[in-house]
Amino acid sequence: MPSAVVPLPEAAGQSSAPPGTLPAKSQKQMTKAERREMQERQRAAKAEKATQNQSKNSPKSSNKPAQTSKEGALAPRRASKAADLAPKGFQGAGGQSKDVKASGEDKSAHTRGLRIFSHFGLPKPTAHKGEVHPTIVRLGLQFSEFKITGANARCIATLTAFKTVIQDYVTPPNNTLSRHLMTYLSPQISYLVSARPMSVTMGNAIRQLKLDISGTDIDLPEQDAKDALCDKIDTYIRDRIIAADQVIEETAGNKIKDGDAILTYARSSVVEKVLLAAYADGKQFTVTVVDSRPMLEGKKLLEVLSFAGIQCTYLLLPAVGSVITEISMVLVGAHSLHSNGAVFSRAGTALVAMMAKQHLVPVVVCCETYKFSETVQLDSFTRNELAPVELFNSFPQNKQQDLSSLSDQPNLQILNPLYDLTPPSSITAVVTEVGVIPPSSISSIPLALGRTML
Amino acid sequence: MDFSETTSSQPDIREFVAVVLAGFGNELSPLSSGAGGEPSPKALLPIANQPMLDFPLAWLEQSGIKDVILICPTAHRQAISHYIHSSSSTSLRIDVHPYEETEDLSVGTCAILRHFTHLIQQDFVILPCDFVPPPSLPLSSILNKFRTESISDGCMSTACWFAPRRSEQGTIPDEWGQYEFSTPIVYDPVTGTLLHVDTPDDVDRNGDEIELRMSLLTRYPRTRLSSNLQDSHVYVCRRSVLDALAQKPTFDSIREEFMPWLCKVQYQRAKRERYGSVLTPTTNTLNQNVALRHSTTGAPNDLFSLKHHASLGEKNVAYSAPPSPTSDEDNKGADASLRVGVVIHNDSSEYAARANTLHSLLELNRSFLTKAQWTLPTDPKDRALIDPKAQISSDSIVGESTRVEERTSIKRSVIGKHCMVGKMAKIVGCVLLDHCVIEEGAKLDNCILGKNTRVGNKAALSWCITQGGYEVEAGGSYKNEKLEISDWAAGGTSSEGNDGTSEDDEEEEEGAEESGESED
């Protein structure tokens, strides 16, 4: 039986086939799957070609598509032939798509070539519309420039901005505030989403705000209604974020004993507060801050903690294995908590949690209840966010021009996924303001808060 | 649903108001001096046959700012209002405000701004009327930098400096005025902060050295010193800056005195203590201090100021005040960094310029010529005026209703509207404003002729500037001179070989004889 090992195709005149092609399998199966895969690829390549032909008029790029279409025509013919030519066809098609990728020099063809995470896309540049309130415009800029980051910070910023928007709002005649304010806020919200995808905290807060708006009394004079709404927003921030943080500080602080070595990853506003409060209480402990590129948030946490007088160690994520044996507790924050007990947090947290679990170190997640999301998340590929390359340098660079030369390489794509999922098996406990709960009972949080919907 | 109704029902929230300053343009005299009692505002001098005021206004419109306050001297008010109302409809709402100023008694820009403070209630943008922005620098990028930083950082203002294009030395005669010297500035390229601007006072005090404070270098250890950048005079400022201006009544010029002073507040402790509260009022402004304290990217600002104090005093490690999470504390205005941001435009392919000297006016006109493609006008009436035997090179611009007679040669020039160019005239590298008359055989070389100038037969002008309404007599020949009417009216004798002070008496008036209408 002819094996799958065949000489590289010479007729196609390609560069060497992409490494890591399928290992030798039964050829009949390969053929069918191959054919399907090839067709998919050709369809994608044709779509790229079509837009490339529109954007570039140079003869060079039009030659390449002509050449690739020829190869594309050749490849299926080959595949339909004897089985031992199938790998050749596959390699030919693989090489063809690589060619298309290489010839596309503009950035849009570049990003279309993203194989992984192409379904998130990169945030599109925002179009400034006339009806967006200037406060929201500024807020969108803070988000897209990554000046305000972190689930808590973004939620507080959004709610504070909405307070201003509501105060400036005027109910048009023949309309009620409870109905019309919603339609007024919708374009503002979509502007914020286009600046940066919304966080779970923002979503929950806005849902609560919408509930409050639709619940306003129709007979209330406008200014009173607006004041009441602003009050409700303030209450939300105060109760569910600030006060919750204080309860968490106490609860988690009780878990910290003298002589502990605490490890934390990147920077969470809650964990920062917990550590500072515990230190102010007089407990003696050391902190190890683990950090990773591209955002390097741990550096700022290090500054704050060491300024307070806490003894800190700083290292990068790949080095966690060497210190984990000396750690007594891992304290991390969360972006959101899901019904199946998974914690969605900064990319890298999952590694730290799993490593800690292996070494029997308790992993404690500090999270307010308003970060709870009803959805079930099983992996970090279906929903994630990519950080823009220009804002964060993925590679250490000494000179200014390194970054631009990196992003111009046709064969190099820089991906910065921001979040990852920690499975419930790696987590020991979640500290919320309603108590310390094991991850398996996270879905009981709404019940504990006494409401059917969060 | 009627969406148009719902969106217009909301009150207009003006985020920015633009203040355009149209001055006298003393550097551009004699072009900007009135011609026979008729004022010739600097803002309406044309660049490539478009009044230069068009450029900043188009720039504003593109960035989405709708409200404009245009401040001009009383004498020019009518001309400018007329132009604005008659120009093609724009979405800008322009308010023209006159200010009492004459050519001799010039008022500083600070005084003007103090006078009109009551008109400005929100954050504002100051623009000069003579700034020609490059296409690659939209105003919205400067506005976005200001918007981002004023919230996240407490930035007070954002300026824009650019690298001007230098013409080769020696091509432009010295009589046209001193070439503009660029001021040395110190800035931080990473964060885009303007740290120090050398003022003429500093130069007077110590001409050999630039003095910098240690506190500047402590805050920003990596800075750049550059002396080939020029101030565009575009400043985006917070409203509170006007309050600080009111506290400094001795300042005269925004560019030379106020902005350099503003840069010092961010690092000089004494100034910061005195003016910090004025510059960051806590009322009426959205501050995101609570959110910023929770933000994971960014050290809290009070941490920095505490560090600063701690390093000066004893090394007291326990001297820490962790930021408080309660919302009561978000009224602390002293956290703001009070920086002045700066956008540096260094692109040499598309350069910005300020048309406030004669050199730059000529250069700007020429840069537009490189993009010009002159073809015969499509309007048959205009075409009839241009003789087929005239040689007009493709890199010139000829305005409408201009009559060009046979065997003239026009190269690399900008000719205004309603001009008359006689037979066998040679015009090379010139800028002619509207209504000029050039009679037969005249030769013009690298000149700028004001409105209504008349050049007589066989006259030759080289590197001259004429005031509007001047008349050069037939056969006259001038080189490197500024020709003004006052000399003609006084009936002074012609003298050649004078240096370029305004004593020259040769006046060549080319009235617009063919069209009786006189446009403002």
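Residues numbered from 1 in each chain as written. Chains lettered and ligands numbered in written order. Predicted model: local features only at pLDDT ≥ 70, side-chain atom pairs only at ≥ 80, totals over all residues. Heavy atoms only, no water.

If you look chain B up in an unreviewed UniProt entry, it shows as Translation initiation factor eIF2B subunit gamma from Neolentinus lepideus HHB14362 ss-1. Here is the UniProt Sequence similarities (unreviewed entry) comment for chain B, exactly as written: "Belongs to the eIF-2B gamma/epsilon subunits family." A UniProt comment under Subcellular location (unreviewed entry) is attached to chain B, and it reads "Cytoplasm, Cytosol". (UniProt positions renumbered as here; feature names shortened; annotations may be inferred.)

Labelled according to an unreviewed UniProt entry, chain A appears under the name Translation initiation factor eIF2B subunit delta, originating from Neolentinus lepideus HHB14362 ss-1. Per UniProt, the comment on chain A under Subcellular location (unreviewed entry) is "Cytoplasm, Cytosol". In its Sequence similarities (unreviewed entry) section, the UniProt record describing chain A reads: "Belongs to the eIF-2B alpha/beta/delta subunits family."

A. Geometry of the packing of helix 7 (residues 177-195) of chain A against helix 8 (residues 200-214) of chain A. Residues and elements named next belong to chain A. Between helix 7 and helix 8, the least distance of the axes is 8 Å, while the angle of their chain directions is 155°. Considering their axes alone, helix 7 and helix 8 lie roughly antiparallel with respect to each other. Between helix 7 and helix 8, the residues in contact are Leu-177, Ser-178, Leu-181, Met-182, Leu-185 and Ile-189 and Ile-206, Leu-209, Lys-210, Ile-213 and Ser-214, respectively. (Axes fitted to C-alpha atoms, helices over the stretch in contact; angles between N-to-C directions. Helix = DSSP H or I, 4+ residues; strand = E, 2+ residues; numbered from the N terminus. Parallel < 35°, antiparallel > 145°, perpendicular 65-115°, else oblique. Contact = heavy atoms within 4.5 Å.)

B. Representation of the sheet that holds strand 22 (residues 431-432) of chain B. All names here are of chain B. If you trace the six strands from one edge of the open sheet to the other, you get 16-19-22-25-28-31, paired in parallel fashion. Pairing within the sheet leaves two strands with one partner each, and these edge strands are strand 16 (397-398) and strand 31 (482-483). Where strand 28 (residues 465-466) meets strand 31, two bridges bridge the pair, whose relative direction is parallel. Bridge pairing links Ile-465 to Lys-482 in strand 31. (Pairing = 2+ DSSP bridges.)

C. Seen up close, the domain arrangement of chain A. All names here are of chain A. When cut into domains, chain A gives domain 1 (2-12 + 29-90 + 126-243) and domain 2 (255-380 + 417-444). Taken residue by residue, the interface counts 14 residues in domain 1 and 14 residues in domain 2. Regarding the contact of domain 1 and domain 2, the summed buried area is about 1200 Å², with carbon and sulfur atoms giving 50% of it. Among the residues domain 1 hides against domain 2, the three largest losses belong to Asn-152, Val-200 and Arg-240. Together they make up 42% of the total. Taken together, domain 1 and domain 2 are joined by zero salt bridges. Broken down by secondary-structure element, the contributors of at least two residues to the side of domain 1 that touches domain 2 are helix 6 (151-168), helix 8 and helix 9 (222-255). The dominant element in the side of domain 1 that touches domain 2, judged by the number of residues it contributes, is helix 6, at four residues. Across the side of domain 1 that touches domain 2, the residue classes break down as six nonpolar, five polar and three charged. (Domains from an automatic or database assignment. Buried area = accessible area lost by both parts, 1.4 Å probe. Salt bridge = Lys/Arg side-chain N within 4 Å of Asp/Glu carboxyl O. Nonpolar A, V, L, I, M, F, W, Y, C, P; charged D, E, K, R; others polar.)

D. Representation of the packing of helix 6 of chain A against helix 8 of chain A in the model. Residue and element names in this part refer to chain A. Where helix 6 meets helix 8, the axes come as close as 8 Å, and the angle between the chain directions of the two elements is 30°. Note that helix 6 runs across helix 8; the crossing there is right-handed. For the pair helix 6 and helix 8, contact is made by Ala-151, Arg-154, Cys-155, Thr-158, Leu-159, Phe-162 and Ile-166 and by Thr-201, Met-202, Ala-205, Ile-206 and Leu-209, respectively. Taken together, the residues of the contact of helix 6 with helix 8 break down into nine nonpolar, two polar and one charged. (Left-handed = near helix turned anticlockwise from the far one by under 90°.)

E. Structural detail: helix 3 (residues 77-86) of chain B. Looking only at helix 3 of chain B, the buried set comprises B:Ala79, B:Ile80, B:Ser81, B:Tyr83 and B:Ile84. The secondary structure elements touched by the buried residues of helix 3 of chain B are strand 3 (50-51), helix 2 (54-63), strand 4 (67-73) and strand 5 (93-99) of chain B. (Buried < 20%, exposed > 50% of the residue type's maximum accessible area, 1.4 Å probe, protein only.)

F. Summary view of the confidence of the model for chain A. Residue and element names in this part refer to chain A. Predicted confidence across chain A gives a mean pLDDT of 78, with 72% of residues reaching 70 or more. Mean pLDDT values for the elements of chain A range from 39 in helix 3 (residues 86-103) up to 96 in strand 4 (residues 329-332). pLDDT under 50 marks residues 57-112. Its contacts with residues more than four places away, or in other chains, come to 87 contacts. (pLDDT = per-residue confidence, 0-100.)

G. Molecular detail of the interface of chain A and chain B. Contacts between the two partners involve 45 residues from chain A and, on the opposite side, 39 residues from chain B. A buried area of about 3600 Å², summed over both sides, lies between chain A and chain B, and 65% of it is on carbon and sulfur atoms. Taken as a group, A:Arg138, A:Arg267 and A:Phe307 account for 21% of the area that chain A buries against chain B, more than any other trio of residues on that side. Among the salt bridges present, the one from A:Arg138 reaches B:Glu15, with a minimum N-O distance of 3.1 Å. The interface formed by chain A and chain B includes 14 residue pairs in polar contact (both at pLDDT 80 or more). Here the side of chain A that touches chain B gets eight residues from one element, more than from any other, and that element is helix 6 of chain A. Looking at side-chain class alone, the side of chain A that touches chain B contains 20 nonpolar, 13 polar and twelve charged residues. (Polar contact = N/O pair within 3.5 Å; in protein donor to acceptor, adjacent residues only side chain to side chain.)

H. Main features of helix 13 (residues 349-358) of chain A. Residue and element names in this part refer to chain A. Within helix 13 the residues assigned to the buried category are Thr-349, Ala-350, Val-352, Ala-353 and Ala-356. One side of helix 13 carries all its buried residues, which in axial view fall inside an arc of 165°. In helix 13, those exposed residues whose orientation departs by more than 90 degrees from the buried face are Leu-351 and Gln-358. At its buried positions, helix 13 is contacted by strand 1 (260-265), helix 12 (320-323), strand 4, strand 6 (343-346), strand 7 (363-366) and strand 9 (419-422). (Arc of directions from axis to C-beta.)

I. Summary view of the UniProt feature "domain: EIF2B subunit epsilon/gamma LbH" (unreviewed entry) in chain B. This chain's UniProt record puts "domain: EIF2B subunit epsilon/gamma LbH" (unreviewed entry) on residues 387-462 of chain B. When the span residues 387-462 of chain B is considered, its composition is 0% helix and 39% strand, and the gap between its end C-alpha atoms is 25 Å.

J. Representation of the state of the cysteines in the model. Residues and elements named next belong to chain A. Under the counting rule described, the total for this entry stands at zero disulfides over all chains. Considering cysteine sulfurs only, Cys-367 is the nearest to Cys-366, which forms no disulfide, with 8.7 Å between them. The exposure class assigned to Cys-366 is buried, which follows from its relative accessible area of 0%. (Disulfide = S-S within 2.5 Å.)

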